[in-house]
Amino acid sequence: MKRIAVLTSGGDAPGMNAAIRAVTRTAIDGGMDVMGVHEGYQGLIADDMAFLARRDVGGIMQAGGTMLGSARCPEFETLAGREVAVRNMEQHGVEALVVIGGNGSQTGSYVLSQMGFPVVGVASTIDNDLEGSDVTIGVDSAINVALEAIDRLKVTAESHRRAFLVEVMGRHCGYVALMAGIAGGAEVVVIPEQEVSPENVAQQLRAAYDRGKQHAMVVVAEGAKNNAERLVEHFQTDPEATGFRLRVTILGHVQRGANPTAADRLLGTRLGEGAVRALQAGQTGVLAGLRGNRVVTTPLEEIVGRQKPIDLELFELASIMAR
Ligand code: ADP
């Protein structure tokens, strides 16, 4: 194999740059050329790609986001769109593609590989909901941003009887909320996988107050049915229910823009290298991920359409720690 292309697709995640760098340098080290595709699948269809040399990917690892840009591209979901993408790659002599992205993007990888074009995915999403990888690129940075916010809010919550509701990212998946909740010592964690009613949240806060806690922290995943907005709405109708005065913070997109943590830079580097090694070994239609601290590949067909379940024992752990 003489020439490959690399792109980042879907939601950007801290650590994607480390993966781009690793793909580029591993491939060049193996005697291949690398083309960087701009704006995800959009760039494949628009024929927006350029060669990457070793130096082009220098100095990018510490930055959040992705130097190649990312996009959502509905056209790639059509066969006609994908045919244009394949034609453009073939015209450039590109023989295989590395796709750095999450669930949607890896579905794109899968359908592309089904058309006979060699593709390897790299597990990257701050939601950590991809099968085939214990952790995904970006999630550690997202947890750390949430944790920093929680720690700071705890300091201001030290005035009596104050509870903070912090809403963190996670559209369908409560992983970031749960991990940040455990690491930040939250009294209550609200995630989509284990819905609790507002009354139940109020009861847990009330119980914490009755146990003598002067302040409390509730960490909520944005995708929970009872997200921060719904919970506050409920508590406003009965301000005495919890025992605490409530304050709300919605972190939103600040979690995406974080500088990648060491863990995400290392993961990006290892998975980027792993993806190129897989292509060199003749693999296609697989995802490079980390399992038991080893870089492994998993067939994309085992991954698409699935969401990695959260370990509910961790939810139990969060609740024991809150008592
Ligand atoms: P993420 O990878 O972060 O989950 P999205 O779900 O938005 O992001 O998907 C990113 C892109 O992947 C989409 O805009 C589309 O181009 C491509 N994609 C998603 N689903 C499919 C599909 N079923 N077939 C082809 N391409 C898809």
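Residues numbered from 1 in each chain as written. Predicted model: local features only at pLDDT ≥ 70, side-chain atom pairs only at ≥ 80, totals over all residues. Heavy atoms only, no water.

Undergrad: I keep staring at the overall build of the chain and nothing clicks. Help me out?
TA: What the chain contains, in helices and strands, is 10 helices and 11 strands. Here the chain has a C-alpha radius of gyration of 22 Å; the compact-globule value for 323 residues is 20 Å, and the two agree. Expressed along its principal axes, the backbone C-alpha trace of the chain runs to roughly 70 × 35 × 30 Å. Counting all 323 residues of the chain, 53% fall into the buried class. Expressed as a percentage of contacts within the chain between residues at least 6 apart in sequence, the contacts between residues at least 24 apart total 76%. For the chain, the accessible area works out to roughly 13,600 Å², and carbon and sulfur atoms hold 49% of it. With 30 positive and 38 negative side-chain charges, the chain shows a spacing of 5 Å between the two charge centroids. (Helix = DSSP H or I, 4+ residues; strand = E, 2+ residues; numbered from the N terminus. Rg over C-alpha atoms; globule rule 2.2 N^0.38 Å. Buried < 20%, exposed > 50% of the residue type's maximum accessible area, 1.4 Å probe, protein only. Contact = heavy atoms within 4.5 Å. Areas by Shrake-Rupley, 256 points an atom, 1.4 Å probe, with all protein chains shown as cover. Lys, Arg positive; Asp, Glu negative; His and termini not counted. Charge placed at Lys NZ, Arg CZ, Asp CG, Glu CD.)

Undergrad: Would you take a moment to explain the environment of A19 for this structure?
TA: Considering the arrangement of structural elements, one finds A19 in helix α1 (residues 16-29). Judged by its relative accessible area of 0%, A19 is buried. Taking the C-alpha atoms as reference, A19 lies 9.4 Å from T8; in sequence the two are 11 residues apart. Setting aside anything within four residues of it in sequence, one finds A19 in contact with I100, V122, I137, G268, T269 and G272.

Undergrad: Honestly, the side chain of D264 in this entry has me stumped. Any pointers?
TA: In this structure, D264 sits in helix α9 (residues 262-280). One buried charged residue, D264, forms no salt bridge at all, with the nearest opposite charge on R265 at 8.4 Å. From its side chain, D264 meets the backbone nitrogen of G138 in a polar contact 2.9 Å long. Here D264 is in contact with P14, G15, T136, I137, G138, V139, D140 and S141, once residues within four sequence places are set aside. (Salt bridge = Lys/Arg side-chain N within 4 Å of Asp/Glu carboxyl O. Polar contact = N/O pair within 3.5 Å; in protein donor to acceptor, adjacent residues only side chain to side chain.)

Undergrad: For this particular structure, what's the right way to read the domain arrangement of the chain?
TA: Where interface size is given, it is often the accessible area lost as the parts come together that is meant. Taken domain by domain, the chain comprises domain 1 (3-138 + 260-302) and domain 2 (141-256). One C-alpha centre belongs to domain 1, the other to domain 2; they are set 35 Å apart. Residue-level contacts link 13 residues of domain 1 with 11 residues of domain 2. Roughly 1,000 Å² of surface becomes buried between domain 1 and domain 2 when both sides are summed, with 48% attributable to carbon and sulfur atoms. The interface formed by domain 1 and domain 2 contains 0 salt bridges. In this assembly, domain 1 and domain 2 are joined by 5 residue pairs in polar contact (both at pLDDT 80 or more). Looking at the side of domain 1 that touches domain 2 residue by residue, the classes come out as 4 nonpolar, 4 polar and 5 charged. (Domains from an automatic or database assignment. Buried area = accessible area lost by both parts, 1.4 Å probe. Nonpolar A, V, L, I, M, F, W, Y, C, P; charged D, E, K, R; others polar.)

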